[in-house]
Amino acid sequence: MSRSIRVLGDSVAAGYGTDDSPAWPHRIADAPGESVSVTVRGGVGTTLTDHAADTATAGDSGEVTVLVHAGHNDAQVGGDGDPRVSADAFRAAAARLDAALSAADRVTSHAFVGLLPLLDVAGGVGFSAAQPQRALAFDDALAAAVDTHLPVARPIDAWRDRTRDGVHPTPTGHRAVASTVADWLAGEP
């Protein structure tokens, strides 16, 4: 079976900091019995609201499965102490993107991969102790706004060994996300 997958993501899905180890989207390309082509759109700093504003999210041609793994940048706290994107704007953008993907003729299926917890770890990005709960609140808002949400953040403590800087997964973290996505894909046409 052949499948084309488009991942709308941020630096996590793009594999920022993975060195020679593949990020989770490219790990699902190894699914047994399938020929999988994966493309990732987005990168460092990309928000879910950016993807919701982009009318070309589904790709240019052919049928495609779309996986959205963005929102980490939306939930991060800015210099004023508030998330970069308000929870209401995030929820609305997720609902718009979900509706657009549902209506797109080329999209055979789609899902939203949940946010990671954004941890305060030694030598990491430097998040406050409140950031993991804020990211989980955004993940909960995402789950409420879309039809298919694939949770990956809980339990939070499991991510202490799955992230190298509080945001970007280690190979173990990428394997955990890929496993969740592969399980969902196995049930999709």
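Here goes a summary of the coordinates provided. (Residues numbered from 1 in each chain as written. Predicted model: local features only at pLDDT ≥ 70, side-chain atom pairs only at ≥ 80, totals over all residues. Heavy atoms only, no water.)

What about the sheet that holds strand β5 (residues 149–150)?
Alright, step 1. Spatial ordering of the open sheet is given by β2-β1-β3-β4-β5, a layout of five strands whose pairing is parallel. A single partner strand is all that each edge strand has here, and the edge strands are β2 (35–41) and β5.
Alright, step 2. Across five bridges, the pairing between strand β1 (residues 2–9) and strand β3 (residues 64–69) is parallel. For V7, the partnering residue across the bridge sits in β3 and is L67.
Alright, step 3. Against the sheet, helix α7 (residues 171–186) touches β1, β3, β4 (107–113) and β5, its axis set at about 145° to β4. (Pairing = 2+ DSSP bridges. Helix = DSSP H or I, 4+ residues; strand = E, 2+ residues; numbered from the N terminus. Contact = heavy atoms within 4.5 Å. Axes fitted to C-alpha atoms, helices over the stretch in contact; angles between N-to-C directions.)

Overview of the pairing of β3
The side chains of a regular strand alternate between both faces of the sheet.
Alright, step 1. Within β3, six of the six residues are buried, which leaves it mostly tucked inside the rest of the structure.
Alright, step 2. Residues V64, V66 and V68 point to one face of β3 and T65, L67 and H69 to the other, with burial holding for every one of them.
Alright, step 3. Alignment of β3 against β4, held across five bridges, turns out to be parallel. Of the residues in β4, the one forming a bridge with T65 is S109. (Buried < 20%, exposed > 50% of the residue type's maximum accessible area, 1.4 Å probe, protein only.)

What about the packing of helix α5 (residues 87–103) against helix α6 (residues 131–145)?
In helix packing, the relevant descriptors are the interaxial angle and the interaxial distance, both defined with respect to the helix axes.
Alright, step 1. Running from N to C, α5 and α6 point in directions that differ by 35°, and their axes come no closer than 9 Å. Note on packing geometry: the crossing formed by α5 with α6 is right-handed. On the side of α5, the interface is formed by A87, F90, R91, A94, A95 and D98, while α6 contributes F138, A141, L142 and A145.
Alright, step 2. Across the contact of α5 with α6, the residue classes tally to eight nonpolar, no polar and two charged. (Left-handed = near helix turned anticlockwise from the far one by under 90°. Nonpolar A, V, L, I, M, F, W, Y, C, P; charged D, E, K, R; others polar.)

Quick look at the pattern of salt bridges
Alright, step 1. In total, this model carries five salt bridges according to the counting rule given.
Alright, step 2. The salt bridge involving D88 is made with R91; its shortest N-O contact spans 2.9 Å. Of this pair, D88 and R91 are both found in helix α5, three residues apart, which corresponds to roughly one turn of the helix.
Alright, step 3. We classify D88 as exposed; its relative accessible area is 57%.
Alright, step 4. Ionic pairing is found between D165 and R164, a salt bridge with its closest N-O pair at 3.5 Å.
Alright, step 5. Three or more residues joined by partner-sharing salt bridges are found here, namely D139, D140 and R154. (Salt bridge = Lys/Arg side-chain N within 4 Å of Asp/Glu carboxyl O.)

Notes on α5
Alright, step 1. Between the first and last C-alpha of α5 there are 24 Å, a value that for 17 residues agrees with the 24 Å anticipated at 1.5 Å per step.
Alright, step 2. Regarding α5, the residues found buried are F90, A93, A94, L97, D98 and L101. The buried residues of α5 occupy one face: seen down the axis, they fall within an arc of 135°. Looking at α5, the residues exposed on the side facing more than 90 degrees away from the buried face are D88 and A103. (Expected span 1.5 Å × (residues − 1). Arc of directions from axis to C-beta.)

Some points on the packing of aromatic side chains
Alright, step 1. For the structure shown, the criterion picks out one aromatic pair.
Alright, step 2. Just above the ring of W159 sits the side chain of R162; from NZ or CZ to the centre is 5.3 Å. (Phe/Tyr/Trp six-rings, centres within 6.5 Å; stacked < 30°, edge-to-face > 60°. Lys NZ or Arg CZ within 6 Å of the ring centre and 35° of its normal.)

Side note on α7
Alright, step 1. Helix length check: α7 (16 residues) gives 22 Å between terminal C-alpha atoms against 22 Å at 1.5 Å per residue, within 8%.
Alright, step 2. The set of residues buried in α7 consists of G173, H174, V177, A178, V181, W184 and L185. In an axial view of α7, the angular spread of the buried residues amounts to 130°, which keeps them on one side of the axis. Of the exposed residues in α7, the ones pointing more than 90 degrees away from its buried face are D183 and A186.
Alright, step 3. At its buried positions, α7 is contacted by β1, α1 (11–14), α2 (24–27), β3, β4 and β5.

Geometry only, nothing functional implied.
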